[in-house]
Amino acid sequence: MASKDPNFYRSRNANFYRLDPPEYVAFRKADGDSTLAVIARLEARDVVGHQLGHWFSSLTPNGDFRDVPVDPERYGIDESVAQELIQLIRSGQPLPNRLIRMLPEI
């Protein structure tokens, strides 16, 4: 039975609560011989800290809803900065190399 709470998601494995407003994180992920810069919008979290949200990268410019493996305390970025970076990604422009080098790698 689904919850009547609009901020409640139910999945096969856990119950998630919607984050309102969403939180944003940025990181680099190893992708073979290269690294992929990711800006993620955290949208839901369960009681043990498992997080879901949209990943934005050069491979997923329109966002891909998936597990977000980092926490906003260590990897968080300001919403206005995140929105600007997501807009760059969506328009097919590369993120600045200097910025990418500063992102933590997971």
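Structure: above.
Scope of this entry: the structure provided in the associated data block. What you see is a predicted model, and the numbers here were worked out from it, not measured in a lab.

How each quantity is defined
Residues numbered from 1 in each chain as written. Predicted model: local features only at pLDDT ≥ 70, side-chain atom pairs only at ≥ 80, totals over all residues. Heavy atoms only, no water. Phe/Tyr/Trp six-rings, centres within 6.5 Å; stacked < 30°, edge-to-face > 60°. Lys NZ or Arg CZ within 6 Å of the ring centre and 35° of its normal. Helix = DSSP H or I, 4+ residues; strand = E, 2+ residues; numbered from the N terminus. Buried < 20%, exposed > 50% of the residue type's maximum accessible area, 1.4 Å probe, protein only. 1 Å grid on protein atoms, 1.4 Å probe; cavity = no way out; pocket = protein on both sides within 12 Å on 5 of 7 lines; lining within 4 Å. Points joined across faces, edges and corners; volume = space filled by probe spheres on them. Salt bridge = Lys/Arg side-chain N within 4 Å of Asp/Glu carboxyl O.

### Quick word on the packing of aromatic side chains
Item 1. In this structure the tally under the stated criterion is one aromatic pair.
Item 2. A cation over a ring is seen here: arginine 66 above tryptophan 55, with NZ or CZ 4.2 Å from the ring centre.

### Some details on the environment of valine 48
Item 1. Of note, valine 48 is situated in the loop between strand E3 (34-45) and strand E4 (51-56).
Item 2. Its relative accessible area of 72% is what places valine 48 among the exposed residues.
Item 3. Along the primary structure valine 48 and phenylalanine 16 are separated by 32 residues, whereas in three dimensions their C-alpha atoms are 9.8 Å apart.

### What to know about the layout of surface pockets
Item 1. Size it by volume and the largest pocket reaches roughly 180 Å³.
Item 2. What lines the largest pocket is simply Thr35, Leu36, Ala37, Ser57, Ser58, Ile89, Gly92, Gln93, Pro94, Leu95, Asn97 and Ile100.
Item 3. Every element with two or more residues in the lining of the largest pocket is listed here: E3 and helix H3 (97-102).
Item 4. The biggest single contributor to the lining of the largest pocket is E3, with three residues.

### Remarks on the pattern of salt bridges
Item 1. Inspection of the entire model under this criterion finds four salt bridges.
Item 2. Among the salt bridges present, the one from arginine 28 reaches glutamate 105, with a minimum N-O distance of 3.7 Å. Here glutamate 105 lies in the segment after H3 and arginine 28 lies in strand E2 (residues 15-31), a separation of 77 residues in the sequence.
Item 3. For arginine 28, a relative accessible area of 17% puts it in the buried group.
Item 4. Judged by relative accessible area, glutamate 105 falls into the partly exposed class, the value being 43%.
Item 5. Aspartate 64 is the partner of arginine 66 in a salt bridge, and the nearest nitrogen-oxygen pair spans 3.8 Å.
Item 6. In this structure arginine 66 comes out as partly exposed when scored by relative accessible area, which is 35%.
Item 7. Assessed through its relative accessible area of 32%, aspartate 64 is described here as partly exposed.

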